[in-house]
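Close look at the chain arrangement
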Amino acid sequence: MSDLESRFLQVYSVLKSELLNDSDFEFADDSRQWVERMLDYNVLGGKLNRGLSVVDSYKLLKQGKELTDDEMFLACSLGWCIEWLQACFLVHDDIMDGSHTRRGQCCWFRMPKVGMIAINDGLILRSHIPRILKRHFKGKPYYVDLLDLFNEVEFQTTHGQMIDLITTLVGEKDLSKYSLSLHRRIAQYKTAYYSFYLPVACALLMFGENLDNHVNAKETLLKMGIYYQVQDDYLDCFGDPETIGKIGTDIQDFKCSWLVANALKLCNEDQKKTLYDAYVEYERMSYEKITSSIEAHPSKEVQAVLKSFLAKIYKRQN
């Protein structure tokens, strides 16, 4: 474990303790134990890429200068807010998809005595984010911008999930309705906003930047998010469950995945080879386009942030 990961996890312990001792709710032993177990099971256990990316991005914006203890704590706290949001989405997503595994373990709602209580647990996870922001960022000049940012990204993501779900209903009857354009919309709204734009936007706000001045960076990050979702679709079908931490169900669930959208165009040839070749070509072209977009950005610091994100996902295996 790196020093950064160790410090990041230390901040999790602080935030969790604050939430479990929040004076605005009268916790009893059983409710406190439930929430603690739920947090450890759902917020921890992932790769923490989204959260750590806030810290990495802020460091790059500061041109590698050593962060103060306060800066490190605040950047980690914003990173954990994203991990909390991710946990909320995944808890609800697994219920909606009827999934069995997540991050190499049983989905939370399938755990003994949890069941549909998991719906409320997801709401609790989301309610923790403004509590963290209020405690540690109220009084900061960018506090309201942070609240707006998380609300906006939640709006985008939940509507992306909605498109995915209603599209699946259509797919059960007629897969020919699926297209690459539709897939792009789902990937952009369901994944790209919270996984790619949100971490960098948090770092930019903490750095004192106006997000309206970074529309080009936002567009580039959304492109990366779409590319990332294509990778996810490919790994859902061809990835090793032990490596990716879940059993892929996109085909069984009639999802509008990138593979299906391409297969509908190319289904006259051997399917596996065609899909593999199409994926390799898509990966090459996406990398080149995104790299060009990054290098066109006027800020070298922002370029460094964007390139660091691209390096994390290019040719990933999980």
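Here is a short report on the structure shown in this document. What you see is a predicted model; the values in this text were computed from it and never measured. (Residues numbered from 1 in each chain as written. Predicted model: local features only at pLDDT ≥ 70, side-chain atom pairs only at ≥ 80, totals over all residues. Heavy atoms only, no water.)

Let's talk about the environment of Ala 187
Mapped onto the elements, Ala 187 comes out in helix α7 (residues 180-206). Along the chain, Ala 187 and Thr 157 lie 30 residues apart, while their C-alpha atoms are 9.5 Å from each other. Excluding residues that lie within four positions of it along the chain, Ala 187 makes contacts with Ala 192, Ile 226 and Gln 229. (Helix = DSSP H or I, 4+ residues; strand = E, 2+ residues; numbered from the N terminus. Contact = heavy atoms within 4.5 Å.)

Focus: the nonpolar core
Residues Trp 84 and Met 224 are the most contacted members of the largest nonpolar core, which totals 80 residues. At 15 residues, helix α4 (residues 69-97) tops the list of elements feeding residues into this core. (Core = buried A, V, L, I, M, F, W, Y, C linked by side-chain atoms within 4.5 Å. Buried < 20%, exposed > 50% of the residue type's maximum accessible area, 1.4 Å probe, protein only.)

Topic: empty space enclosed by the protein
Inspection of the entire model under this criterion finds two cavities of 30 Å³ or more. Counted as a void, the largest cavity has a volume near 110 Å³. Lining the largest cavity, in full, are Tyr 41, Asn 42, Ala 87, Leu 90, Val 91, Asp 94, Arg 102, Arg 103, Gln 105, Cys 106, Cys 107 and Trp 108. Secondary-structure elements contributing two or more residues to the lining of the largest cavity are α2 (29-42), α4 and β2 (105-106). At four residues, α4 tops the list of elements feeding residues into the lining of the largest cavity. Tallied by class, residues from the lining of the largest cavity come to seven nonpolar, two polar and three charged. Space inside the second largest cavity adds up to approximately 40 Å³. Around the second largest cavity, the lining residues are Tyr 197, Val 200, Ala 201, Leu 204, Leu 211, His 214, Ala 217, Lys 218 and Leu 221. Among the elements of the structure, α7 and α8 (215-238) are those that each provide at least two residues to the lining of the second largest cavity. (1 Å grid on protein atoms, 1.4 Å probe; cavity = no way out; pocket = protein on both sides within 12 Å on 5 of 7 lines; lining within 4 Å. Points joined across faces, edges and corners; volume = space filled by probe spheres on them. Nonpolar A, V, L, I, M, F, W, Y, C, P; charged D, E, K, R; others polar.)

Let's talk about the packing of aromatic side chains
Enumeration according to the criterion identifies 16 aromatic pairs in this entry. The interplanar angle of 70° and the centroid separation of 5.1 Å between the aromatic rings of Phe 89 and Tyr 194 together place this pair among those described as edge-to-face. A residue pair is termed long-range when its members are at least 10 positions apart, and Phe 89 in helix α4 and Tyr 194 in helix α7 qualify at 105 residues. Neither Phe 89 nor Tyr 194 differs from the other in exposure class; each is buried. Through a chain of ring-to-ring contacts, the aromatic side chains of Phe 8, Tyr 12, Trp 80 and Trp 84 assemble into a single cluster. Sitting over the face of the ring of Tyr 197, Lys 218 holds its NZ or CZ atom 5.0 Å from the ring centroid. The ring of Phe 309 carries the charged tip of Lys 312 above its face, separated from the ring centre by 5.3 Å. (Phe/Tyr/Trp six-rings, centres within 6.5 Å; stacked < 30°, edge-to-face > 60°. Lys NZ or Arg CZ within 6 Å of the ring centre and 35° of its normal.)

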